[in-house]
Amino acid sequence: FASFYLKLGERIAAKYADEVIVLSKSVQDYFRNTYGRETVLIENAVVPVEYTPCSLLSERFGLERGGYVLFLARIVPEKGLHYLIEAFLNCSTDKKLVIAGEIPDTEYGGKIRKLAAGTDRIIFTGFAQGNVMAALYSNCALYVLPSEIEGLALTLLEAMSAGARCMTSDIPENTDVLGDFGYTFRSGDVGSLERQLLLALSEPEENGRMDEQKRYIMEKYNYSAVVEKTEAVYRKAVQHEYGSGNERKGR
């Protein structure tokens, strides 16, 4: 039923909406190819994550700066956490894997618990927000988003704005955000993810490169630009509905 209503919503939007806003080029291509509908691409904006010292993480979780790989996202199948756990456990590294997010009481949540059982290399923090979230982004050796499906991941924008080195699956929704920064692996391929993890963790962090990454993210995904583009779409839709004058069309 959920899939039916999702498709129904798509068809209604494609046929009747004055304007349709999408978050990524791949979704834009989908509407064009599936419904022959042109849409407006307006990507998410991000509030920059300010550097937060690791002391908070040391006290709560025994973590050190640069001592862990971070997954921070919803724990659902499409985010691909199961691939990351398997690949990480195959890697010979002294880093920890930190999983930030509530484990759901679902079949998938049980799968994640089972995959992580019997090792002290994986740390679950639970849901992270505020200073804890900022500290996790600020001090990780690598942020990994292994998702198979995305719209536009706010967590990836946050991690990049914090200056974290990032690795994602190679789906367009992720690689379009990464630009010339970070690392990618073949989506759903544990072996590819394992190899890229080892590569990324063996390479030194370049501070100048991370500063460049932060500037790139804040220039491309800043709120002022997003608000301006969104207002323009609404103005266009209102003019289409009511006309350019004060009188409503047909009324």
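Our structure's up above, just so we're on the same page.
Calculation rules
Residues numbered from 1 in each chain as written. Predicted model: local features only at pLDDT ≥ 70, side-chain atom pairs only at ≥ 80, totals over all residues. Heavy atoms only, no water. Buried < 20%, exposed > 50% of the residue type's maximum accessible area, 1.4 Å probe, protein only. Helix = DSSP H or I, 4+ residues; strand = E, 2+ residues; numbered from the N terminus. Arc of directions from axis to C-beta. Axes fitted to C-alpha atoms, helices over the stretch in contact; angles between N-to-C directions. Parallel < 35°, antiparallel > 145°, perpendicular 65-115°, else oblique. Left-handed = near helix turned anticlockwise from the far one by under 90°. Contact = heavy atoms within 4.5 Å. Nonpolar A, V, L, I, M, F, W, Y, C, P; charged D, E, K, R; others polar. Pairing = 2+ DSSP bridges. Right-handed = clockwise from strand over helix to strand, strands pointing away. Salt bridge = Lys/Arg side-chain N within 4 Å of Asp/Glu carboxyl O.

Attention shifts here to helix H5 (residues 107–116). Those residues of H5 not exposed but buried are Tyr108, Gly109, Ile112 and Ala116. Across the axial projection of H5, the buried residues extend over an arc of 105°, all falling on one side. Away from its buried face, by an angle of more than 90 degrees, H5 presents the exposed residues Glu107 and Lys114. Positioned one or two residues after H5, Gly118 has a phi angle of 80°, which is positive.

Next up on the list: the packing of helix H4 (residues 81–90) against helix H9 (residues 190–202). The N-to-C vectors of H4 and H9 enclose an angle of 55°; their axes lie 9 Å apart at closest approach. On the basis of the axis angle, H4 is oblique to H9. Both H4 and H9 take part in a crossing whose hand is right-handed. Along its contact with H4, which presents Tyr83, Leu84, Glu86, Ala87, Phe88 and Asn90, the element H9 presents Val190, Leu193, Glu194 and Leu197. The class makeup of the residues in the contact of H4 with H9 is 7 nonpolar, 1 polar and 2 charged.

Okay, the pairing of strand S5 (residues 122–126) next. For S5, the tally of buried residues reaches 4 of 5 residues, placing the bulk of the element in the interior. The pairing of strand S4 (residues 96–100) with S5 spans 4 bridges and is classified as parallel. Within the sheet, the bridge partner assigned to Ala100 lies in S5 and is Gly126. A crossover links S4 with its parallel partner S5, the connecting element being H5, and its sense is right-handed.

Once that is clear, we can look at the pattern of salt bridges. Scanning the entire structure with this criterion turns up 9 salt bridges. Two residues, Glu38 and Arg32, come together in a salt bridge whose shortest N-O distance is 2.9 Å. For Glu38, a relative accessible area of 48% gives the class partly exposed. Between Asp211 and Lys214 there is a salt bridge, with its nearest N and O atoms 3.7 Å apart. Here Asp211 pairs with Lys214, and both are found in helix H10 (residues 207–220), just 3 residues apart, close to one helical turn. Asp211 gets classed as partly exposed once you look at its relative accessible area, which sits at 34%. Judged by relative accessible area, Lys214 falls into the partly exposed class, the value being 29%.

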